[in-house]
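Survey of secondary and tertiary structure
In case you want the letters, here they are:
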Amino acid sequence: MADFSRFFEHALDLHGIANVEGHFRRINPAWQRTLGWTVDELTGSPWLDFVHPDDRKLTLEAGSRLFAGASIVSFENRYRCKDASYRWLQWHAEAVGGEAYCTGRDVTQEHLQKDARNQRYVENMAEALPQIVWTARPDGELDYYNERWFAYTGMTIEQTQGWGWKPVLHADDLQPCIDRWTEAYQSGRPYDIEVRLKRACDGLYRWHLCRALPVRDVSGSIVKWFGTCTDIDDQRRAQEALRETQQQLEERVSARTAELAASNEQKTSLLQEVHHRVKNNLQMISSLLSLQARQTQNEDACANLLDIQGRVHSIALLHECLYHSDDLGRVDMHYYVHRLVAMIERSYAGPIPGAHIDAISDRIHLSLDTAVPCGLIVNELVTNALKHAFRDANGTAPQEIRIEIRSVGDDITILVADNGSGFAGRVDPAGDQTMGLTLVRDLSRQLRGRAEFATLNGARCTVTFPAVRRAGGQ
Amino acid sequence: MSAACILVVEDEAIIARDIQATLLRLGYVVPPPVACCEDALRAVIAHRPDLVLMDIRIQGEVDGIETAARIRDAHGTPVVYLTSYSDATTIATAKASGASGYLLKPFRDHDLRSAIELALHNRARATPS
């Protein structure tokens, strides 16, 4: 046993037997050589008092595992020396019979080497990065910059240690930057800010995006801050230029839109004014006709004047319909033909009370120069039917007039049919008995179409013409 | 009951004469048509018409809608508008001014007759005395 205790006395590693209450009962002299405390000092206090505060939690956990029966292998923590420095110790331990047999080895040198290697690695990487790179201690003091920083700021490492970087910042950005950095290193939250840094070579301030993240040890404590400053000046200028351009563009677009809207409104009101004048003039013509009709003693002449008045009104109605269409250039025939029928019915309400007029039209939109002949054709045929078809009627059968305007292939057809006495005696293809039917033929020709008259359960006239008028055709 | 008196305010002489002739034939009393606001206000005082037929565009600075409002405010005479304006804005303005009727140009005798009869009928109902 005495032989073995010699190993204990002379061992380079730290050996100790600890009890479950947290004291070392027995330790070897290596402890004093390593840490500087006497054996009595070390055994007189709980061992936890010597452990670095940041390592205590993990050390206690390892102790619990040990006394629960687990072996501890290569556990590392820091012990405080008598000179207040710390040394890294690596532990192997086992618990036997309520006591822990612990062996510790001083690995401080390895840690320093590892830290130095890490620092070299960081610095090598930092030099390779296109940004300014810096590190800071947990207390917020900057302790390292890469070469790019010195090249940009023209400062020396001595000048920019700690808080020495302040003169590099634009005056307006300094206080926000200090506040933001203080908040970050005190709270441990990531640091992120955009500031202007003065470039030594030309004295210009360029925008930089500065960011830093904390580096933590196994216990979660911050050991370092790793930061970068990225030059985003070109980007910011480009963004600002883009924003400016966009704004100018938007202003120009809205100005032009307003101009166009105004000009459009002007044109619309001008066009409405034109229609208004046309209708007013047509009213004047209509008034002239009715004044003349009242002066005329001859009944036929009077009726002719009123027929002309009807034609004038069928044209005037087209202008009224144009006025109400979304497109001031085209007439909705469906809308027009119903208004026309209503107008004719009102003017003939007296003489032919019984006739029922039924109008159907496809949704056809015609330009004014096509719509005018169409309107006149319908007006002629319907008034013709009202005047002649039921003259000999005995009043028993319901009197009906049917109007259909259809789009068939490339053609448009207008059909006006009644169940009266037919065209016999009304139509004389060679002669020119009725002005109305002559007008229908002429207008059909004007539309590059044809008019067909037939008697089939009454009079039936069909006008067919091409929907699109070709220039130059006969 | 004597025949109703109708004043025509219309600056187109031919149209005014036609309306006058039509109304006379229908049995109404029709004073000579007038063409501007001032004449219209004078004629209303002179003839005390039962109804005014008012073109919206008349001679002078004041238009038909404003003239109608002045007549209604001063004498309570109902007004039927007579115009070739059929755009939504004009019709809305005319309606808001409390028109008794609205007749679109070009109109024919029977359109005129029914608009007047309707307006006179409504007036009779509104004032039972």
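Look a little higher up for the structure.
It should be emphasised that the depicted structure is a prediction, and the values quoted were computed from it without experimental measurement.

Re the overall build of chain A
- A count of helical and extended segments in chain A gives 13 helices and 17 strands.
- Considering chain A as a whole, with its 474 residues, one finds that 28% of them fall into the buried category.

Some thoughts on the overall build of chain B
- Along chain B, the regular secondary structure elements total five helices and four strands.
- Along its sequence from the N terminus, chain B presents helices and strands in the succession β-α-α-β-α-β-α-β-α.
- Considering only intrachain contacts with a sequence separation of at least 6, the fraction spanning at least 24 residues in chain B is 57%.

Regarding the interface of chain B and chain A
- Listed by partner, the interface residues are 17 residues for chain B and 20 residues for chain A.
- Residue assignment for the side of chain B that touches chain A shows that the elements contributing at least two residues are α1 (13-25) and α5 (109-126) of chain B.
- No other element matches α1 of chain B, which puts five residues into the side of chain B that touches chain A.
- Split into classes, the residues belonging to the side of chain B that touches chain A amount to six nonpolar, three polar and eight charged.

Points about the environment of Glu 9 of chain A
Residue and element names in this part refer to chain A.
- Tracing the backbone shows Glu 9 in helix α1 (residues 2-10).
- Considering only alpha carbons, one finds Glu 9 and Ala 30, 21 residues apart in sequence, at a separation of 7.7 Å.
- What Glu 9 contacts, discounting residues up to four positions off in sequence, is Asn 28 and Pro 29.

As for the sheet that holds strand β17 (residues 459-466) of chain A
Residue and element names in this part refer to chain A.
- Spatially, five strands are ordered β12-β14-β15-β17-β16 in an open sheet, and the strand pairing comes out mixed. Of all the strands in the sheet, just β12 (356-361) and β16 (450-455) have a single pairing partner and so form its edges. Here the average twist between neighbouring strands, direction ignored, is 10°.
- Of the strands in this sheet, β12, β14 (400-408), β15 (411-418) and β17 are in contact with helix α12 (residues 368-388), which crosses β15 at around 15°.

What to know about the nonpolar core
- In this structure, Tyr 336, Ile 377, Val 378, Val 382 and Val 416 of chain A are the most contacted members of the largest nonpolar core, which totals 48 residues.
- In terms of residue count, the dominant contributor to this core is α12 of chain A (nine residues).
- Non-local contacts of Val 378 of chain A, meaning those with residues more than four positions away in its chain, are made with Val 337, Leu 340, Ile 403, Ile 414 and Val 416 of chain A.
- Membership of the second largest hydrophobic core comes to 36 residues, among which are Leu 23, Leu 53, Ala 68 and Ala 99 of chain B.

Focus on the pairing of strand β4 (residues 101-104) of chain B
All names here are of chain B.
- Alternating residues of β4 divide into Gly 101 and Leu 103, all buried, and Tyr 102 and Leu 104, none buried.
- As judged from the four bridges shared by strand β3 (residues 79-83) and β4, these two strands associate in the parallel manner. Along β4, the bridge assignment pairs Tyr 81 with Tyr 102.
- Once the chain exits β3 it traverses helix α4 (residues 88-96) before rejoining the sheet at β4, and the crossover so formed is right-handed.

Re the packing of helix α9 (residues 233-295) of chain A against α1 of chain B
- It is the contact of α9 of chain A with α1 of chain B, at a shortest axis distance of 8 Å, that shows an interaxial angle of 45°. Comparing the axis directions of α9 of chain A and α1 of chain B gives the class oblique. The way α9 of chain A lies across α1 of chain B gives a crossing that is left-handed. Note on element contacts: α1 of chain B touches α9 of chain A through Ile 14, Ile 15, Arg 17, Asp 18 and Ala 21 of chain B, opposite Gln 283, Met 284, Ser 287, Leu 288, Ser 290, Leu 291 and Arg 294 of chain A.
- Each residue belonging to the contact of α9 of chain A with α1 of chain B can be placed in one class, and the counts come to six nonpolar, three polar and three charged.

Quick look at the pairing of strand β3 (residues 72-80) of chain A
- Bridge count between β3 of chain A and strand β4 (residues 86-96) of chain A: seven bridges; the pairing is antiparallel. In the sheet register, Asn 77 of chain A faces β4 of chain A, and the bridge partner there is Leu 89 of chain A.

Focus on the sheet that holds strand β6 (residues 132-136) of chain A
Residues and elements named next belong to chain A.
- Spatial ordering of the open sheet is given by β7-β6-β10-β9-β8, a layout of five strands whose pairing is antiparallel. With partners counted over all chains shown, the strands left at the sheet margins are β7 (142-145) and β8 (191-198), one partner each. Across the sheet, the mean angle from the axis of one strand to that of its neighbour is 25°, orientation sign disregarded.
- The strands touched by helix α8 (residues 171-187) are β6, β8, β9 (205-216) and β10 (222-231); relative to β8, the strand with the most contacts, the crossing angle is about 150°.

Here's the deal with the packing of α12 of chain A against helix α13 (residues 435-446) of chain A
Residue and element names in this part refer to chain A.
- Interhelical geometry of α12 versus α13 gives an angle of 155° and a closest axis separation of 9 Å. Of the possible angle classes, the one that applies to α12 and α13 is roughly antiparallel. Handedness of the crossing formed by α12 with α13: left-handed. On α13, the residues touching Pro 373, Leu 376, Ile 377, Glu 380, Leu 381, Thr 383 and Asn 384 of α12 are Gly 436, Leu 437, Leu 439, Val 440, Leu 443, Ser 444 and Gln 446.

Quick word on unusual backbone geometry
- In the segment running from Lys 105 of chain B into Pro 106 of chain B, the intervening peptide bond is cis, with an omega of -5°.
- Relative to the assigned elements, Pro 106 of chain B resides in the loop between β4 and α5.
- With phi around 75°, Ala 84 of chain A is a residue other than glycine that occupies positive phi space.
- Here Ala 84 of chain A lies in the loop between β3 and β4.
- Phi at Arg 448 of chain A is positive, roughly 60°, even though this residue is not glycine.
- Within the fold, Arg 448 of chain A resides in the loop between α13 and β16.

What counts, and where the lines are drawn
Residues numbered from 1 in each chain as written. Chains lettered and ligands numbered in written order. Predicted model: local features only at pLDDT ≥ 70, side-chain atom pairs only at ≥ 80, totals over all residues. Helix = DSSP H or I, 4+ residues; strand = E, 2+ residues; numbered from the N terminus. Buried ≥ 20, exposed ≤ 12 C-beta atoms within 10 Å, placed from the backbone. Contact = placed C-beta atoms within 7 Å. Nonpolar A, V, L, I, M, F, W, Y, C, P; charged D, E, K, R; others polar. Pairing = 2+ DSSP bridges. Axes fitted to C-alpha atoms, helices over the stretch in contact; angles between N-to-C directions. Core = buried A, V, L, I, M, F, W, Y, C linked by C-beta atoms within 7 Å. Right-handed = clockwise from strand over helix to strand, strands pointing away. Parallel < 35°, antiparallel > 145°, perpendicular 65-115°, else oblique. Left-handed = near helix turned anticlockwise from the far one by under 90°.

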